[in-house]
Number of protein chains: 2
Amino acid sequence: MKDRMTPAVQMTGHTQRGQCAKRMSILDAAADVFCRQGFAGASIDEIAAVACVSRQTIYNHYREKETLFVAVVEDVMNRANAMLFSVLSTFPDRADNLEDELTAFAVRLNKNCICNHDGKFLRKLVQTEGERYPHLFESWRQQGPGKLTTALSALFGRLAHKGALAIDDFDVAARQFVALGNADLQMKILLGGTPTDEELEKAARNAVRTFLKAYGRPAEKAGHPPQLAAISG
Amino acid sequence: MKDRMTPAVQMTGHTQRGQCAKRMSILDAAADVFCRQGFAGASIDEIAAVACVSRQTIYNHYREKETLFVAVVEDVMNRANAMLFSVLSTFPDRADNLEDELTAFAVRLNKNCICNHDGKFLRKLVQTEGERYPHLFESWRQQGPGKLTTALSALFGRLAHKGALAIDDFDVAARQFVALGNADLQMKILLGGTPTDEELEKAARNAVRTFLKAYGRPAEKAGHPPQLAAISG
DNA sequence: GTAAAATTAGACGCCATTGTCTAAAACGTC
DNA sequence: GACGTTTTAGACAATGGCGTCTAATTTTAC
């Protein structure tokens, strides 16, 4: 029942560095094996082998397989949420060179939140074990994709307010932005592959072009940024 | 080694009706259990129970668990492919009322190919077992989404040739059409849910509106279909 | 009705895995 | 060097699933 989140506080100061390293090693190995084999197919022995740890040590930290699984999911969810927040903070808020800026943002989003290790893990596990652990993945649904589209919706609203975009429904536009960004990567993503940097760049470019053809202002489309940011900022 | 695909031919005529019914019952039950539990988590006993069939009967038809799994996947893939072909044949080839026709087509595509039983099964299984059976799902990749975007690409090309659309890259447009169509359904799809008819309709409407804002001809956007179909037809 | 084929229930051996237990070893602190 | 904690390797029982086998029962064709 100890709090897993406290890194090096409130303990007697005995051997928390070693313990913490073991815990992280176990969590990483378990994420790897759970992701490849699923919950039922993953064996504690394999996790122990990957983590270079005795099986007993795993049972020492996490009482049973299910406890370990829940801890792994929460750990990955926290990392993924932090990364999502970090990427969202780089959303362009000026209207100059909107196509390039949105393209770069789409690349960051896809690379660091959707096509990365944690993103693949969560998507896969949500599909395989989502029905078995509803409350666990309900929170992911709300804090992951839910938060993404909500935040993007607000950010697009800011851009539209500055006159850079002509959007009628911000929520729809946010979801479509994400969907367009993944359009060219869907197949590779489904199979578990990781797109190359060139593929990421091209996919984002195609997505943003279409997105701006649909939602860009005429001045933007012709390549004349209206420079409204200086006025409203 | 008998050919599973021949329904009632080339056998001695003994008891193929009962056998065929059993086979289908087993395949359906196995698809259900494999989809819920994954390959490792599915037990033959549960499949037998769901199929209302003795366990020995399963081993009689399919030598081992893996044989059954492969047969299930191939069966579902065949059904899904037939359905996809059928839906693709309803793609609008006239330019009148393009928005409504494309919307109705998107609804059909999502409802019958992507959000239906078989679509969810294949997507889920591709993610969970795709790495373990590469050749099996490689053919799905090529005949499923691959064939979908290829065919859609050609169909959009035909529409563009008639002057109804202004598309520079047909492949990209096809992938984006599919992606936009799923944009509003992604969350529900990931969790395994089935969208309602209203949700399907609204999602398709949003998708086609944006798609036509990006690729529609100006005349189309203003609601003046150019009536070129009569000339080129 | 009869014979052949298919199906069924149940038991069985086998193996992998889970989770516990124990004694020995390693580690860190004093 | 002593001590407490953690880790380790291995043994252990218990469970459950896979695949086989057999004998009894049902279905089907003729």
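Visitor: So what exactly am I meant to see when it comes to the packing of aromatic side chains here?
Guide: Two descriptors summarise a pair of aromatic rings, namely the distance from one centre to the other and the angle between the planes of the rings. Residue and element names in this part refer to chain B. For the coordinates displayed, the defined rule picks out 24 aromatic pairs over all chains. Where Phe 69 meets Tyr 133, the ring centres are 5.1 Å apart and the plane angle is 45 degrees; that geometry is what we call tilted. Placement of Phe 69 in helix H4 (residues 65-88) and of Tyr 133 in the loop between helix H6 (117-129) and helix H7 (134-161) is noted, with a sequence separation of 64 residues between them. For the pair formed by Phe 69 and Tyr 133, the shared burial category is buried. Measuring from ring centre to ring centre gives 5.1 Å for Phe 156 and Phe 211, while their planes differ by 35 degrees; the resulting arrangement is tilted. Separated by 55 residues along the polypeptide, Phe 156 in helix H7 and Phe 211 in helix H10 (residues 197-215) bring together distant segments of the chain.

Visitor: What is the right way to look at the relation of the copies chain A and chain B in this model?
Guide: What relates the two chain copies is a rotation about an axis together with a slide along it. Mapping chain A onto chain B leaves a residual RMSD of 0.1 Å; the transformation is a rotation of 180 degrees accompanied by 0.0 Å of translation along its axis. In symmetry terms, the pair is related by a two-fold rotation axis. Scanning chain A for the C-alpha nearest the rotation axis identifies Ala 214 of chain A, at a separation of 2.2 Å. The fraction of interface residues of chain A whose copies in chain B are also interface residues reaches 100%, indicating that both copies meet through the same surface.

Visitor: What should I look at first to understand the protein's contact with DNA strand C in this one?
Guide: Taken together, 21 residues lie near DNA strand C, and Ser 43 and Gln 56 of chain A together with Ser 54, Arg 55 and Thr 57 of chain B sit nearest. Sugar plus phosphate: this is where 70% of the atoms of DNA strand C within 4 Å of the protein reside. A distance of 3.4 Å separates a phosphate oxygen of DNA strand C from a polar atom in the side chain of His 61 of chain B. At the level of secondary structure, the elements contributing two or more residues to the surface near DNA strand C comprise helix H3 (55-61) of chain A together with helix H1 (16-41) and helix H3 (55-61) of chain B. A class-by-class count of the residues in the surface near DNA strand C yields 5 nonpolar, 11 polar and 5 charged.

How each quantity is defined
Residues numbered from 1 in each chain as written. Chains lettered and ligands numbered in written order. Predicted model: local features only at pLDDT ≥ 70, side-chain atom pairs only at ≥ 80, totals over all residues. Heavy atoms only, no water. Phe/Tyr/Trp six-rings, centres within 6.5 Å; stacked < 30°, edge-to-face > 60°. Helix = DSSP H or I, 4+ residues; strand = E, 2+ residues; numbered from the N terminus. Buried < 20%, exposed > 50% of the residue type's maximum accessible area, 1.4 Å probe, protein only. Least-squares fit on C-alpha atoms with pLDDT ≥ 70 in both. Contact = heavy atoms within 4.5 Å. Near = heavy atom within 4 Å. Polar contact = N/O pair within 3.5 Å; in protein donor to acceptor, adjacent residues only side chain to side chain. Nonpolar A, V, L, I, M, F, W, Y, C, P; charged D, E, K, R; others polar.

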